[in-house]
Amino acid sequence: MKTLAAARICLDGVVKAYGTNTVLDGLSLEIPAGKFTALIGPSGCGKTTMINLIAGYDAPDAGLITMDGVAVRDPGWDRLVVFQETALFPWKSTLDNVMFGPFNRGLPRTEVVRQARELLAKFGLSGFEDKYPGQLSGGMQRRTELARALINCPKVMLLDEPFRGLDALTRELMQEYLLRVFDEHPVTTVFVTSEVEESIYLADRVIVLSSSPTITKKIIDVDLPRPRDIKMLSSRRFAEIHGEILECLFEEAAKAFQQGMKGASDLFEGAASIMSGSRW
Ligand SMILES: Nc1ncnc2c1ncn2[C@@H]1O[C@H](COP(=O)(O)OP(=O)(O)OP(=O)(O)O)[C@@H](O)[C@H]1O
Ligand SMILES: [Mg+2]
């Protein structure tokens, strides 16, 4: 597969409301080209809304979203989204699912088959080309999704909690695959997660969002070298960054609690998750 290009994304004063619910009220944010940016923030603060806007599935009410200085108006093959829900075609084989984009655009079948096989191999799916999504495990389905997006050589990958719902071991495996592919093809990546560890392990930059209103609470540049290694999880620097992010998130939870808003129930949910070690 050829090396992918990458693009810089800017959100400038973006406003988005659903009826009377103003989710984004003038959000400005920069996503650097060719870097892995993780977005982390309270449930309902508008992360999926942001992904939909960058993807061009939805338009802001005010403000501007640009990709390399050009306004984003519609969806395009240069920006691809992988959501937590699988969107594979159940009636197509793994290979045909991965081939869908380029084949649909009329690229020669032999070349597309070659690229699809190569990508499936990178995601540990050689030998599963003829299986249908229903015959794959959850982790395999997510890897197929990633391959299906990457084959289109997007400039931007938008990943909205793509590993949510996977068991811990499968999730770790997915992180390794994603890291390896990103090192090889450093395309601009926006990765929404609720896992603090995952955000640090994968990203060059972690953006912590706060809610009501949704603003950038903190930008943390993760200065751990690449390629990332599982041993880094127990390094002093990792622990420092982890502490910094958790502090921000707890401040947010406390703010919601003090405001006595609906966040109180979210807080309990969040606290219970931290204790269970799965979600903050
Ligand atoms: N299509 C829609 N119509 C109406 N309201 C919506 C729509 N999409 C999102 N919302 C509302 O906008 C707010 C932000 O939702 P969004 O899904 O972007 O949050 P999120 O940060 O992705 O949350 P989570 O972490 O739970 O996935 C929520 O209050 C939600 O109810
Ligand atoms: Mg969401």
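Residues numbered from 1 in each chain as written. Chains lettered and ligands numbered in written order. Predicted model: local features only at pLDDT ≥ 70, side-chain atom pairs only at ≥ 80, totals over all residues.

Things to note about the overall build of the protein
Assigned secondary structure in the protein consists of eight helices and ten strands. For 280 residues, the compact-globule estimate of 2.2 N^0.38 gives 19 Å, and the C-alpha radius of gyration of the protein, at 19 Å, lies within 12% of that figure. Projecting the C-alpha coordinates of the protein onto the three principal axes gives extents of approximately 60 × 40 × 35 Å. For the protein, buried positions account for 38% of its 280 residues. Intrachain contacts of the protein at a sequence separation of at least 6 include 70% that bridge at least 24 residues. (Helix = DSSP H or I, 4+ residues; strand = E, 2+ residues; numbered from the N terminus. Rg over C-alpha atoms; globule rule 2.2 N^0.38 Å. Buried ≥ 20, exposed ≤ 12 C-beta atoms within 10 Å, placed from the backbone. Contact = placed C-beta atoms within 7 Å.)

Regarding the domain arrangement of the protein
When the domains of the protein are assigned, the result is domain 1 (32-57 + 159-280) and domain 2 (88-153). The C-alpha-based centres of domain 1 and domain 2 are spaced at 27 Å. If you look at the interface, domain 1 gives ten residues, while domain 2 gives nine residues. Considered class by class, the residues forming the side of domain 1 that touches domain 2 number eight nonpolar, two polar and no charged. (Domains from an automatic or database assignment. Nonpolar A, V, L, I, M, F, W, Y, C, P; charged D, E, K, R; others polar.)

Some points on the site of ligand 1
Neighbouring ligand 1 are Tyr-18, Asn-21, Val-23, Ser-43, Gly-44, Cys-45, Gly-46, Lys-47, Thr-48 and Thr-49. A total of three residues in the shell around ligand 1 trace back to one element, the largest contributor, which is helix α1 (residues 47-55). For the shell around ligand 1, the class distribution of residues is three nonpolar, six polar and one charged. (Near = placed C-beta within 6 Å.)

Observations regarding the sheet that holds strand β1 (residues 9-18)
In space, the four strands of this open sheet follow the order β2-β1-β4-β5, with antiparallel pairing throughout. The open sheet is flanked by β2 (21-31) and β5 (70-71), the only strands paired with a single partner. Direction of pairing for strand β4 (residues 62-67) relative to β5: antiparallel, over a ladder of two bridges. Looking at the pairing, Met-67 lines up with Val-70 of β5. Sitting on the sheet, α1 is in contact with β1, β2 and β4, with an inclination near 120° to β1. (Pairing = 2+ DSSP bridges. Axes fitted to C-alpha atoms, helices over the stretch in contact; angles between N-to-C directions.)

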